[in-house]
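Take a look at the letters that make up each chain.
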Amino acid sequence: MTEAILLVGGKGTRLRPLTVHTPKPMVPAAGVPFLTHQLARARAAGVDHIVLATSYLAEVFEPHFGDGSALGLHLEYVTEKEPLGTGGALRNVAERLRSGPDEPVLVFNGDILTGLDIRALVDTHESTGADVSLHLTKVTDPRAYGLVPTDDTGRVLAFLEKPQTPEEIVTDQINAGAYVFRRSVIDTIPAGRPVSVERETFPGLLAAGAHLQGMVDSTYWLDLGTPAAFVRGSADLVMGRAPSPAVPGRRGDRLILPTARVAPDAKLTGGTVVGEGAFVAEGARVCGSTILPGAVIEPGAVVTDSLIGSRARVGERSVLTGAVVGDGAVVGADNELRDGVRVWCDARIPAGAVRFSSDQ
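Residues numbered from 1 in each chain as written. Predicted model: local features only at pLDDT ≥ 70, side-chain atom pairs only at ≥ 80, totals over all residues. Heavy atoms only, no water.

Enquirer: It is not clear to me how the packing of aromatic side chains should be interpreted in this structure. Could you clarify?
Expert: Remark: the centre distance and the inter-plane angle together describe each pair of aromatic rings, the angle taken between the planes. For the structure on display, the rule yields five aromatic pairs. Aromatic pair Phe159 and Phe202: ring centres 5.4 Å apart, planes at 20°, arrangement stacked. Of this pair, Phe159 sits in the loop between strand 8 (132-138) and strand 9 (173-182) while Phe202 is found in helix 6 (residues 197-207), placing the two residues 43 residues apart along the sequence. Three or more aromatic residues link up through ring pairs in this structure, and these residues are Phe159, Tyr179, Phe181 and Phe202. Cation over ring: Arg261 sits above Phe279, and NZ or CZ is 4.3 Å from the ring centre. (Phe/Tyr/Trp six-rings, centres within 6.5 Å; stacked < 30°, edge-to-face > 60°. Helix = DSSP H or I, 4+ residues; strand = E, 2+ residues; numbered from the N terminus. Lys NZ or Arg CZ within 6 Å of the ring centre and 35° of its normal.)

Enquirer: Looking at this structure, I do not really get empty space enclosed by the protein. What am I missing?
Expert: The rolling of a water-molecule-sized probe over the atoms marks out the regions of remaining empty space. Scanning the model with the defined rule gives one cavity of 30 Å³ or more in all. Space inside the largest cavity adds up to approximately 150 Å³. Counting only elements with at least two residues in the lining of the largest cavity, the list comes to helix 1 (34-44), strand 6 (104-109), strand 7 (112-114) and strand 9. With four residues, helix 1 is the largest single contributor of residues to the lining of the largest cavity. Among the residues making up the lining of the largest cavity, the classes are represented as eight nonpolar, five polar and one charged. (1 Å grid on protein atoms, 1.4 Å probe; cavity = no way out; pocket = protein on both sides within 12 Å on 5 of 7 lines; lining within 4 Å. Points joined across faces, edges and corners; volume = space filled by probe spheres on them. Nonpolar A, V, L, I, M, F, W, Y, C, P; charged D, E, K, R; others polar.)

Enquirer: Explain the sheet that holds strand 5 (residues 74-79) here, please?
Expert: Note on sheets: strands pair through backbone hydrogen bonds, and any given pair is parallel or antiparallel. With mixed pairing, the seven strands of this open sheet are ordered in space as 5-4-1-6-9-8-10. If you trace the sheet from one side to the other, it starts and ends with strand 5 and strand 10 (212-216), each paired once. For this sheet the average axis-to-axis angle between neighbouring strands, irrespective of direction, equals 25°. Where strand 1 (residues 3-7) lies against strand 6, five bridges are found, and the strand directions are parallel. In the strand pairing of strand 6, Leu7 is matched with Asn109. Where helix 1 meets the sheet, it contacts strand 1, strand 4 (49-54), strand 5 and strand 6, and its direction lies at approximately 150° from that of strand 4. (Pairing = 2+ DSSP bridges. Axes fitted to C-alpha atoms, helices over the stretch in contact; angles between N-to-C directions. Contact = heavy atoms within 4.5 Å.)

Enquirer: Please clarify how the environment of Arg98 should be interpreted in this entry.
Expert: Of note, Arg98 is situated in the loop between helix 3 (85-93) and strand 6. Sequence spacing of Arg98 and Thr2 is 96 residues, and the spatial spacing of their C-alpha atoms is 9.8 Å. Contacts of Arg98, omitting those with residues within four sequence positions, involve Glu3, His49, His74, Glu76 and Glu103. A polar atom in the side chain of Arg98 sits 3.1 Å from the side chain of His74. (Polar contact = N/O pair within 3.5 Å; in protein donor to acceptor, adjacent residues only side chain to side chain.)

Enquirer: Sorry if this is basic, but what is going on with the sheet that holds strand 27 (residues 342-343) here?
Expert: Here we have six strands laid out as an open sheet, ordered 12-15-18-21-24-27, and parallel in their pairing. Single-partner strands in this sheet number two, and they are strand 12 (254-256) and strand 27. Two strands pair when backbone bridges link them, and strand 12 and strand 15 (residues 272-274) are joined in this way by three bridges, in the parallel orientation. Its bridge partner lying in strand 15, Arg254 is registered against Thr272.

Enquirer: When you look at the environment of Phe356 in this model, what are you seeing that I'm missing?
Expert: If you trace the backbone, Phe356 turns up in the segment after strand 28 (348-349). Taking the relative accessible area as the measure of exposure, Phe356 reaches 51% and is therefore exposed. Setting aside residues up to four positions removed in sequence, Phe356 forms contacts with Glu336, Leu337 and Arg338. (Buried < 20%, exposed > 50% of the residue type's maximum accessible area, 1.4 Å probe, protein only.)

Written as structure tokens, this is what we have:
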């Protein structure tokens with residue numbers, strides 16, 4: 001069985017206020033912490049031992065997942081005292097690995113939702129004899145990503161950080177954030193200091209003549225780093241567009257957790273999730289949104305492509321589109337919040353205080 005490292009130490013700053021009280025991998029997507037989906041997919045691919053490299057709010061992971069036995073896994077936790085970057089985090093957990101020097105170790109980033117064929121990546125790594133193998137995916141606009149050109153055998157030729165001009169866009173292949181390392185390569189990463197695998201480890205290996213192999217897998221792939229992407233990823237899981245064995249219910253237009261309450265005439269569509277203890281009142285319409293545990297959507301409210309935090313409240317007739325409402329916040333009646341707005345945890349917006357259109 002292959003073992004894996006899951007990098008779950010990031011602060012999730014682009015997701016705030018969702019990550020004020022909760023580390024990014026523990027924010028619920030399709031009814032369970034996002035990390036649950038990653039662990040379940042790794043287990044389905046034959047992984048049985050996973051080391052979680054934690055840092056930010058590290059204390060919340062183990063109480064939830066324990067030793068991993070409920071998922072058929074053996075989990076271990078290693079906490080960084082100071083953030084060490086992607087490469088430093090790998091080196092920091094190396095002593096917990098059981099693999100021999102030439103055996104493969106999977107590495108996943110804790111904010112990527114993907115349909116990657118994990119076994120195929122491992123098989124590619126072993127059949128090519130690579131030192132490191134990378135999951136690559138193709139994107140329409142690669143300017144926001146690191147480009148990874150390869151030759152006709154898939155061997156990596158270069159790592160090009162975020163191109164700025166058309167001439168610099170030499171490929172549409174990007175680093176998709178999942179890797180297989182030869183165990184001995186992890187042991188060569190410098191210990192005790194921040195290291196980026198993308199900016200230091202991979203270019204250094206390439207310059208030293210190491211064999212880095214790319215495998216293009218263009219199934220579902222989404223970086224959940226922004227609130228809009230996170231909400232979309234959750235909806236895609238509910239609707240079955242993104243694969244996961246951990247969705248707690250049937251795929252479809254909505255997912256209502258067992259203790260949630262939804263009024264008979266409320267309308268839920270587009271992969272909406274209503275979390276434990278949440279309430280959607282009469283006449284409300286919720287599309288493509290995530291309603292976290294204990295939140296309340298009052299009568300006549302319209303919530304679209306938004307994330308409503310735990311114990312938050314959206315007032316009567318308020319209209320939210322592309323909004324994030326932090327834990328415990330209250331949006332009063334008759335407000336109108338548009339794309340990109342973030343209401344901080346425990347904030348209070350009075351009735352009729354914010355609008356993008358007239359009140360008529």
